[in-house]
Amino acid sequence: MFADNHKISGRQTFRLLTFDLLGAGTLLLPTVLAKTAGRDGIFCIALGVAAALLYLGLLAPLVRDMGEAFPLYLERKLGKACGRVCTAGYVLYFVLLAGYVAYLFADVVIKSLLGEESFWLVLVVLLLLAGYGVWGGIEGRARAYELLFWFLAAPLFAMFVFATDEVQADYWAPVFTQGADRIALGGYCVFVFLGLISLLLFLGGYVEKRAALLRAGKGAVLFCGGVYAALYLILLGIFGAGALGEMEFPAITMMSTVQTYGGFLKRTDAFMFGIWFFSLYALLNGSVFYGGYCLTYLLGLGSGKGARERERKISIGVLPAVLILALVFYQSASALRWFELFLWYAGTPFLIAVPLLLRFASLFKGQKTAKRTAAMIALVLLSGTVCGGCGAAELEDRSFPAELAVKETANVSEAWLAAEYTDNSRPDYNHLKVLFLERALLENEAQMRELLDLLEQKSDVPRNTYVVAVEDAKRIMELSETLGESVGTYLEKQFETVSEIDKRMYPTLGMFYQEQENRQETLFIPFAEESDGKPKVQAYCVWKRGTPAGMISPEEAKVSFFMQNKLKSYLLSVGDQAIVELGGGRSRVTFDEKNGRRQVSVQICCSGNIVSQKGETSEEELTEALTAYVNETAEKLRKEQGIDLANSYRKLGGAERDWYFAYRSAPETYEASVEIVCDLQIDWKKF
């Protein structure tokens, strides 16, 4: 049984604050930091956490000294007039914050789950839910968050673990490329989100032990700072700084990028959305509650008999203002910009100024709750279920294509619509496995950019959908009739379970989005044609720095995959002398200058097995012949098509800063001045 005494524990306070700090921060901060400081964003997080801890040091004496509600404490310390002005400032801050969070919450729900649902309807449902939570009181909310904490934290950490497989650490470098002003600016961005730790000032009346309250605040800052840092490094490693800075909700997008093996579930972002649903709900609930709390005292109704009931009613009365603000933010981009300016130049400085003013002034002068908690959790879970559809159409009216083909046309939007509506049912692309692009479209840079922009805006197609080039899309799609399964499902199985090539080398739609901004990778798009009634990869279309760079043979592509440790096993012929199998490769890329020329050296250590052999060719001769073949292939493609088979651009940032900046400023000049040399070291004794 729970006591209905309007008191919460230190542990509940920690979890309450953690939910408040995580919601908007994990959604918005990565994009802000990528734009502000790029790869140095991780240092901004450290700086912001340090600033938040210093801010806690500023709050600590006030929390210990406060013996009454915070608005009354303001009046006692600063005088009635000044105290009421400060309380009014808090009312303005929390109501504006609640309006923004309500807008953000509804926007995320629509874009991530509902697609075509009414913004009005979603917003009203969320505000009714927030009103119910406020009416339940802080003790009921704290109990709900306490029970839900690990149900949400465990999937969040699991998401981080699963996503690490997609991380490319080369995207983390180079660091220290931004000036101190940019890092300081990014640090302030982090503090804008962590500054909500000032809520400790309003929780003093609900937590009996002030030491526990301060420990909870410190724990929440450190925990959320750690989550921010881990999330930022993962997102940076997956998307790169350029693409990350252009994304809207990268944390949710990340879950549609993470590869899963086969099966029906392709959109794990919808599955993981519950993390942000509950954290944004907590922040919305809290903002409304604290706004009503301050307004109650501003109206002189915060003391005496029935104060708690009046506090709840006034908090509910704040909801119409929150509704109006959310609609204004939804309708007006300029209103959103004004709110950002308010938060940056007025709101956050206000949170700092009031405790400073107080410190300066100090130098001179039950069972019912258990039922309410259970009802609240049930209602929140029910609302999540209501919001869990994939769109306005009923299930029986939707189709779930596993593949989709788009042809070249003068109007990409029309081509997409033609590919989209192939029957009477409404297509649901959440489980799309393969997107077929005709080669003419793939090699048209302008149309590809238009198509990618269109797909990214629609966000219907999973980012982990494989992209395959074809000559005749219609003919490839018709192969489903002879395969006995969809051609998309067949190719997905080939890429993920049958092919000797690491599945991460098969480009996905998300990789194309990223390369539009990063321009740091060489992508090899499989070109499939019909062979014996099945789609088979006959060549690879190359994309270099976000632009088409011709085609290469599967044998030439395998040389690149081998140099990048992306081949499980590599079977190749050495002239007519032998057939060998190489495996267990480990490569190391170094950058040197020899005779005034830049040289990329790729040292590959692997195991070798002689499958068949003619004559008495020694192992040393075989090693030399294989090394010569790899080098000749790499040099041929570098000269003829400007293709770096080692994909060394990605590693420049962490290895050679000067080369990196030379490449970024003039890629073509850099490529012409670089020679790629491979050295094979093969252990023929074991495999």
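Report follows, based on the coordinates. Nothing here was measured: the structure is a model prediction, and the numbers come from that model. (Residues numbered from 1 in each chain as written. Predicted model: local features only at pLDDT ≥ 70, side-chain atom pairs only at ≥ 80, totals over all residues. Heavy atoms only, no water.)

1. Observations regarding the sheet that holds strand β10 (residues 578-594)
Moving on, step 1. Spatially, 4 strands are ordered β9-β10-β11-β12 in an open sheet, and the strand pairing comes out mixed. Both outer strands of the open sheet, β9 (569-574) and β12 (674-683), are each paired with one neighbouring strand and no more. This sheet shows a mean twist of 40° between the axes of neighbouring strands, independent of strand direction.
Moving on, step 2. Lying on the sheet, helix α26 (residues 657-665) is in contact with β10 and β11 (597-613); it crosses β11 at an angle near 100°. (Pairing = 2+ DSSP bridges. Helix = DSSP H or I, 4+ residues; strand = E, 2+ residues; numbered from the N terminus. Axes fitted to C-alpha atoms, helices over the stretch in contact; angles between N-to-C directions. Contact = heavy atoms within 4.5 Å.)

2. Some remarks on the pairing of strand β8 (residues 547-552)
Moving on, step 1. With 4 bridges connecting them, strand β7 (residues 534-544) and β8 associate as antiparallel partners. Note that in β8 the partner of tryptophan 543 across the bridge is proline 548.
Moving on, step 2. Hairpin remark: β7 followed by β8, antiparallel, with 2 residues in the connecting loop; positive phi at arginine 545, about 55°.

3. Overview of the layout of surface pockets
Moving on, step 1. Its boundaries defined by the atoms lining it, the second largest pocket holds a volume of some 540 Å³.
Moving on, step 2. Along the wall of the second largest pocket there are 31 residues; nearest its centre are Gln168, Arg504, Glu521, Lys566 and Arg650.
Moving on, step 3. Those elements that provide at least two residues to the lining of the second largest pocket are α22 (509-518), β6 (522-531), β10 and α25 (649-655).
Moving on, step 4. Residues of the lining of the second largest pocket, tallied by class, amount to 12 nonpolar, 10 polar and 9 charged. (1 Å grid on protein atoms, 1.4 Å probe; cavity = no way out; pocket = protein on both sides within 12 Å on 5 of 7 lines; lining within 4 Å. Points joined across faces, edges and corners; volume = space filled by probe spheres on them. Nonpolar A, V, L, I, M, F, W, Y, C, P; charged D, E, K, R; others polar.)

4. Considerations on the sheet that holds strand β2 (residues 403-406)
Moving on, step 1. Strands sit in the order β2-β4-β5-β6-β7-β8 across an open sheet of 6 strands; the sheet is mixed. Edge positions in the sheet fall to β2 and β8, since each of these pairs with one other strand and no more. This sheet shows a mean twist of 35° between the axes of neighbouring strands, independent of strand direction.
Moving on, step 2. Bridging between strand β4 (residues 434-438) and strand β5 (residues 466-470) involves 5 bridges; their strand directions are parallel.

5. So, the side chain of glutamine 564
Moving on, step 1. Its place among the elements puts glutamine 564 in the loop between α23 (554-563) and β9.
Moving on, step 2. Among the polar contacts listed, one links the side chain of glutamine 564 to the side chain of asparagine 647, at a separation of 3.4 Å.
Moving on, step 3. Aside from chain neighbours lying at most four places away, what touches glutamine 564 is Met505, Phe524, Ser587, Leu645, Ala646, Asn647 and Arg650. (Polar contact = N/O pair within 3.5 Å; in protein donor to acceptor, adjacent residues only side chain to side chain.)

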